[in-house]
Amino acid sequence: PPMNYLVAVKDVCVENDILFIADEVVCGFGRIGVDFGCEAYNITPDMMTMAKALTSSYAPMGAVALSPQVAEVLAAGSAASLVGHGFTFGGHPVSCAVASECLKIYKEERVLE
């Protein structure tokens, strides 16, 4: 989209108290020259989805990053855990290990620079 498009969408979200969610599944992890696509537009999302490159597609893995404000709201209504709900395969140890190693390689080999 044009450089001002996402900025305008983010502004509308802020003006109307709507969460701005950045889908970084395709644009994340350096695919467009910056770590995440929203950085190219200088936008800080309320939530950001990511997958695929999180494990270099060697294992199924997805994640959602939350702004501090969204995390606080979820934590306040979630009793003892940060997020009081989950999914059947959420946090599978093999996928988590693969993601951890991929992120380590990205950093060590300066892949995102």
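Structure: above.
If you're wondering where the values come from, they're calculated on a predicted model, not measured in any experiment. (Residues numbered from 1 in each chain as written. Predicted model: local features only at pLDDT ≥ 70, side-chain atom pairs only at ≥ 80, totals over all residues. Heavy atoms only, no water.)

Undergrad: Where do I start with the sheet that holds strand β2 (residues 47–51) in this structure?
TA: Strand-to-strand pairing in sheets goes through backbone hydrogen bonds, with the strands running parallel or antiparallel. The sheet built from 3 strands is open, its strands ordered β1-β2-β3 with mixed pairing. Of all the strands in the sheet, the pair left with one neighbour each is β1 (21–23) and β3 (62–66). Taken pair by pair, the neighbouring strands of this sheet meet at an average axis angle of 20°, ignoring direction. Here 5 bridges tie β2 to β3, and the two strands are oriented antiparallel to one another. Directly across from methionine 50, in β3, lies its bridge partner alanine 63. (Pairing = 2+ DSSP bridges. Helix = DSSP H or I, 4+ residues; strand = E, 2+ residues; numbered from the N terminus. Axes fitted to C-alpha atoms, helices over the stretch in contact; angles between N-to-C directions.)

Undergrad: What should I look at first to understand the packing of aromatic side chains in this one?
TA: Per the counting criterion, the structure on display carries 2 aromatic pairs. Taking 5.1 Å as the distance between ring centres and 65° as the angle between the ring planes, the aromatic pair formed by phenylalanine 29 and phenylalanine 36 counts as edge-to-face. Side by side, phenylalanine 29 and phenylalanine 36 carry an identical accessibility label, which is buried. Ring centres of phenylalanine 29 and tyrosine 106 lie 6.0 Å apart, and the angle between their planes is 45°; this geometry places the pair in the tilted category. (Phe/Tyr/Trp six-rings, centres within 6.5 Å; stacked < 30°, edge-to-face > 60°. Buried < 20%, exposed > 50% of the residue type's maximum accessible area, 1.4 Å probe, protein only.)

Undergrad: Any chance you could explain unusual backbone geometry here in plain terms?
TA: Residues apart from glycine generally show negative phi values, whereas peptide bonds are mostly found in trans. Phi at phenylalanine 29 is positive, roughly 60°, even though this residue is not glycine. Position of phenylalanine 29 among the secondary structure elements: in the loop between β1 and α2 (37–40). Owing to a relative accessible area of 10%, phenylalanine 29 belongs among the buried residues under this scheme. Despite not being glycine, serine 57 shows a phi value in the positive range, around 65°. You can see serine 57 is positioned in the loop between β2 and β3.

Undergrad: Is there a simple way to think about helix α4 (residues 93–108) in this case?
TA: Three or four residues apart is the spacing at which side chains of an α-helix point the same way, because the helix has 3.6 residues per turn. Taking 1.5 Å per residue, 16 residues should reach 22 Å; α4 reaches 22 Å between its end C-alpha atoms and fits that length. For α4, the complete set of buried residues consists of Ser95, Ala99, Cys102 and Tyr106. Looking straight down α4, one finds that the buried residues subtend no more than 65° of arc, so they occupy a single side. The outward face of α4, more than 90 degrees from its buried face, is lined by the exposed residues Pro93, Val94, Lys107 and Glu108. Within two residues after α4, arginine 110 carries a phi angle of roughly 55°, on the positive side. (Expected span 1.5 Å × (residues − 1). Arc of directions from axis to C-beta.)

Undergrad: Any chance you could explain the pattern of salt bridges here in plain terms?
TA: If charged atoms from side chains of opposite charge come close, those side chains can pair. Counted under the stated rule, the structure contains 1 salt bridge. One salt bridge in this structure joins aspartate 46 and lysine 10, with 4.0 Å as the shortest N-O distance. With aspartate 46 in the loop between α2 and β2 and lysine 10 in helix α1 (residues 5–15), the pair connects residues that are 36 residues apart, well separated along the chain. Each member of the pair aspartate 46 and lysine 10 is classed as buried. (Salt bridge = Lys/Arg side-chain N within 4 Å of Asp/Glu carboxyl O.)

Undergrad: Can you help me understand the environment of leucine 112 in this one?
TA: With respect to the secondary-structure elements, leucine 112 resides in the segment after α4. Classification of leucine 112 as partly exposed rests on a relative accessible area of 26%. Along the backbone, leucine 112 and glycine 30 are 82 residues apart, and their C-alpha atoms lie at a distance of 5.2 Å. Ignoring any residue separated from it by four or fewer positions in sequence, one finds leucine 112 in contact with Phe29, Gly30, Asp35 and Tyr106. (Contact = heavy atoms within 4.5 Å.)

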